[in-house]
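# Remarks on the overall topology
In case you want the letters, here they are:
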Amino acid sequence: MTISKNIFWSSNAILPAFPIPILLSSISLTGVTSAAVPVLGTNEEALTLIQEAITAAGYIPGQQVGIALDAAVSELIDENGSYVLAGEGRTLDAGALTGLYENKSDCLV
C-alpha cells in the first residue's frame, strides 16, 4: 500500500472516532489541549474503540482496515519476567499477554 493510501485509510478511520467516546456513556473524558479524549481503563478498551471507529467509518476491521501494534514488550518486563501493565494495575505472564493479542487478532495485522 502506498503512503497516500495509508494516509487516506487512517484519516477516514480515525476522524470518525472522535464522536464515539461521547456515545459511550461508560467512558469518561478528559481535556487535553482543548480536545476531549477518552479515559480508558484497559488496553483492550482502546483496541475496541479503534475497531468501533473503523466500523463507524464504514469499513470492516481486519479486512479493509487493520490495526498494527508496536508493543515494545521489553519495556513491560519486570525483574521476574512478567509483563506489567501499570496503567491497568495488573501483571501478566507470557501466556496471558499473548491471550490479549489473540483476543483481538481478527483486526490486528
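Residues numbered from 1 in each chain as written. Predicted model: local features only at pLDDT ≥ 70, side-chain atom pairs only at ≥ 80, totals over all residues. Heavy atoms only, no water.

### A closer look at the overall build of the protein
Looking only at helices and strands, the protein has 4 helices and 4 strands in total. Starting at the N terminus, the α and β elements of the protein follow one another as α-α-β-β-α-β-β-α. Of all intrachain contacts in the protein linking residues separated by at least 6 positions in sequence, the fraction that spans at least 24 positions is 47%. For the protein, the exposed surface amounts to about 7200 Å²; the carbon and sulfur share of it is 58%. (Helix = DSSP H or I, 4+ residues; strand = E, 2+ residues; numbered from the N terminus. Contact = heavy atoms within 4.5 Å. Areas by Shrake-Rupley, 256 points an atom, 1.4 Å probe, with all protein chains shown as cover.)

### What about the pattern of salt bridges?
Summed over the entire model, instances satisfying the criterion amount to 1 salt bridge. The partner of Arg90 in a salt bridge is Glu88, and the shortest N-O contact between them spans 2.6 Å. Residue classification places Glu88 among the buried positions, given a relative accessible area of 18%. (Salt bridge = Lys/Arg side-chain N within 4 Å of Asp/Glu carboxyl O. Buried < 20%, exposed > 50% of the residue type's maximum accessible area, 1.4 Å probe, protein only.)

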